Structures are given as C-alpha cells and as structure tokens.
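So the chains spell out like this:
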Amino acid sequence: MIKKRTTGYLLQDTGLVMILFCIGGAALAVGGADEILRPEFTVMLMGTFLAILFAGFKLTILSVIVAAFEILIYTAYKLYFSFAYGEVIEWLCYVWLIIPLAAVAAMYLFVYGNRQTELENEVLREQVEELVMVNSLTGLYNLRSMYIDLNKQIAYSERNHMDLSLMIVKLRYEQELRGVLSRKNYEALLQKLAYIVTDAVRLEDRTYSLDNHGTVGIILTCNRENSEHVKKRIKANVEKKEAFDGIMDRSIRVEVKVACLAYDRNLYGDDMVRFKQKVENELQYDV
C-alpha cells in the first residue's frame, strides 16, 4: 500500500512538472515568435490546451488523436508553404512537433497517478467500513455488531438455560415518508425512532441500527410470548401524537411494523443471517 501511494504521488508530481514545462515552453514560443508566426502559434497553443483538457477528462484516445491531428495538419501546412512558396521554416516551429503530444503524455501521467491515489482511498474506505461497528446517524451499533452479539448472547443463554428472541422494528411507509420529508427532518425522524425504541426496552436488551432507513434490531432475553409486551410498548410510544413533534406534521402519522422470533438451535443452528431473514419475513404479517 505504501509503495503504491509513493508511486502515485511520484507520477502526479512528474506529470505536473511536465505539464508546467510544456505550457511554459508553448507560452514562450508564442511570446517569442514574429508577428507573422504568432497567429498560427496561438492556434497551436489553443489546440494543445484542448488536447490537455480531453486528457484531464480521461478521454485518453481522443486527446492523443487531437494532438496527433494537430501536429499532422501543422506539419502539412508548413511543408506546403515551404515547397510551394519557398518559405523558410523557422526553428521555433519545430517546437510544435513535440509540445502537443508531450503535454498529453504529461496530463496522462498526472491523471494516472491521481487514479492510483483514488484506488488506494477506496480500498482504505472499504477497510474502515468493515471495521466500523456503530451507525453514524443513530449512534446505535450496526448490523455487523448484531451478528457478533447474537452469537455471544446465544451461547450465554444456552449455558444459563435462558430464552432469547430477535425483534425487528421497521418503519411502515418508509419510502413515502422519505419523499415527503426534507433530508434533515428524515434523518431527525430516524434518530428519534431509534431513541424511542431504545427507551422502550429494558437496559439489558440490546438495540441495533440495521440500515439507514430506520430499521432497528433488538436482542431480547425473553421468549416470543413475553416479547409481545415489548412490541405493544414500542408501538404505543411511536404512535403518540407528541412523539415526533418538531419533525413531522401532525397530519402525517408515523407507524412501525414489528416482528419477533425466539431462537431455536434446531431450526437455525449458527446461521444468524438466516435467523434474521426469518424474522424479517414475519414483518409482512404485522398488519
């Protein structure tokens, strides 16, 4: 990773220095040219800028074609006037046989080096996301944390002959609410929902934010029958008129779907993903 980073920075620096040299050389050529040559040099400079622009937008083939076509046309133009009218080709004109393609190559080096840095940043971001255990919006532990804790809690409950259930709370009409609310109010709604759900369960029960759409998972140390009390308490708290004051219009009602299943090793074994999916399937029956 360090080697790739160093290579990327080196390519960027090399490309930038080459671009500056090419642009500086082209500017000096235009400034030092005679009045007769200055218009054609200016046209060549504009063509070089166009090729650099295409290279900057990662249109490498198009930029090379533009630069090569520019050189070909200019060469044909100077040779024609040299053979037809006997004009002497000034030494400064030969600069334009090199600068366009050199500038494109320099920009390509810069873009390629920048791409290496971008790829490294993407890898680092993915690695960080794999390590993150907390949802940044709600402050609750995320889905990855829930799977880890489920395995631990199941082992603990089995040793102590305790019941364990998984409950999932999901916003009803979530897409409609997201379309009606501003982004700020929508995020405030999710934060408030997470707080209400957490406040409705016991201290020893654990809550998790499963996605960025308000879905909350709860690990309960009770059986399915006793979890019905938790379900009713959550729904009652969410449906209070003052629950979302300052976030929602009073005419818009927030409702949730709640499903819960007790863990059974004979059915799920150590497959926590299957266990969660089974609970999610139960949400459709909460009407």
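Scroll up to find the structure this text is about.
The structure reproduced in this document is the subject of the present report. Within each chain, residues carry numbers counting from 1 in the order of the written sequence. Thresholds applied to this predicted model are a pLDDT of at least 70 for local features of residues and 80 or more for the giving and counting of side-chain atom pairs; totals over whole chains, interfaces and linings are not thresholded and use all residues. With hydrogens and water set aside, each side-chain value is computed from the structure's full complement of heavy atoms.

**Overview of the sheet that holds strand β4 (residues 256-262)**
Logical step 1: Note: two strands are recorded as paired if DSSP finds a minimum of 2 bridges between them. Each helix is a run of H or I in the DSSP string that is no shorter than four residues. Each strand is a run of E no shorter than two, and both are numbered from the N terminus. Pairing is antiparallel across the open sheet formed by four strands, whose spatial order is β2-β3-β1-β4. Either end of the sheet is taken by a strand with one partner, and the two such strands are β2 (206-209) and β4. In this sheet, adjacent strand axes meet at a mean angle of 20 degrees when their direction is disregarded.
Logical step 2: The pairing of strand β1 (residues 165-171) with strand β3 (residues 216-220) spans five bridges and is antiparallel. Paired with Ile168 across the bridge in β3 is Gly217.
Logical step 3: Packing of helix α8 (residues 224-238) onto the sheet brings it into contact with β1, β3 and β4, and relative to β4 it is tilted by some 165 degrees.
Logical step 4: When checking whether two residues touch, look at their non-hydrogen atoms; a contact exists if any pair is within 4.5 Å. Here an axis means a line fitted to C-alpha atoms, over the contact stretch when the element is a helix, while the angle between two N-to-C directions is reported on a 0 to 180 degree scale. Where helix α10 (residues 272-282) meets the sheet, it contacts β1 and β4, and its direction lies at approximately 135 degrees from that of β4.

**Describing a nonpolar patch on the surface**
Logical step 1: Patches here: salt-bridge-free residues with over 30% relative accessible area, like charges joined within 9 Å, nonpolar side chains (Val, Leu, Ile, Met, Phe, Trp, Tyr) joined within 5 Å. In this description, accessible areas are obtained by the Shrake-Rupley approach with a 1.4 Å probe, and a residue is regarded as covered only by the protein chains that are shown. The salt bridge definition used is simple: a Lys or Arg side-chain nitrogen within 4 Å of an Asp or Glu carboxyl oxygen. Among the surface-exposed residues, Leu50, Leu53, Phe57, Leu59 and Leu62 lie close enough to one another that they form a single nonpolar patch of about 460 Å² accessible area.
Logical step 2: In this structure, Leu62 sits in helix α3 (residues 60-85).

**Regarding the pairing of β4**
Logical step 1: Only protein chains enter the accessibility calculation, which uses a 1.4 Å probe; a residue is then buried when its area is under 20% of its type maximum, exposed when over 50%, and partly exposed in between. Buried residues dominate β4, accounting for five of its seven residues.
Logical step 2: Sheet topology note: the β1/β4 ladder contains seven bridges and is antiparallel. Along β4, the bridge assignment pairs Leu166 with Leu261.

**Describing the packing of helix α5 (residues 143-159) against α10**
Logical step 1: Orientation of α5 relative to α10, taken along the N-to-C sense of each, is 105 degrees, at an axis distance of 10 Å. With respect to their mutual orientation, α5 and α10 come out roughly perpendicular. For the pair formed by α5 and α10, the contact residues are Leu143, Met146, Tyr147, Leu150, Asn151 and Ile154 on the first element and Met272, Val273, Phe275 and Lys276 on the second.
Logical step 2: Residues were grouped as follows: Ala, Val, Leu, Ile, Met, Phe, Trp, Tyr, Cys and Pro as nonpolar; Asp, Glu, Lys and Arg as charged; and all remaining residues, including Gly, as polar. A breakdown of the residues in the contact of α5 with α10 according to their chemical character gives eight nonpolar, one polar and one charged. Oblique is the label for any angle not covered by the other classes, which are roughly parallel (under 35 degrees), roughly antiparallel (over 145) and roughly perpendicular (65 to 115).

**What about the environment of Asn185?**
Logical step 1: Relative to the helices and strands, Asn185 is located in helix α7 (residues 183-200).
Logical step 2: Put simply, Asn185 and Val134 are 51 residues apart on the chain and 21 Å apart in space, counted from C-alpha to C-alpha.

**What about unusual backbone geometry?**
Logical step 1: A positive phi is found at Lys58, a non-glycine position, where the angle reads about 65 degrees.
Logical step 2: Checked against the element boundaries, Lys58 lands in the loop between α2 (38-56) and α3.
Logical step 3: At Tyr173, a residue that is not glycine, the phi angle is positive and equals roughly 60 degrees.
Logical step 4: Classification of Tyr173 as exposed rests on a relative accessible area of 52%.

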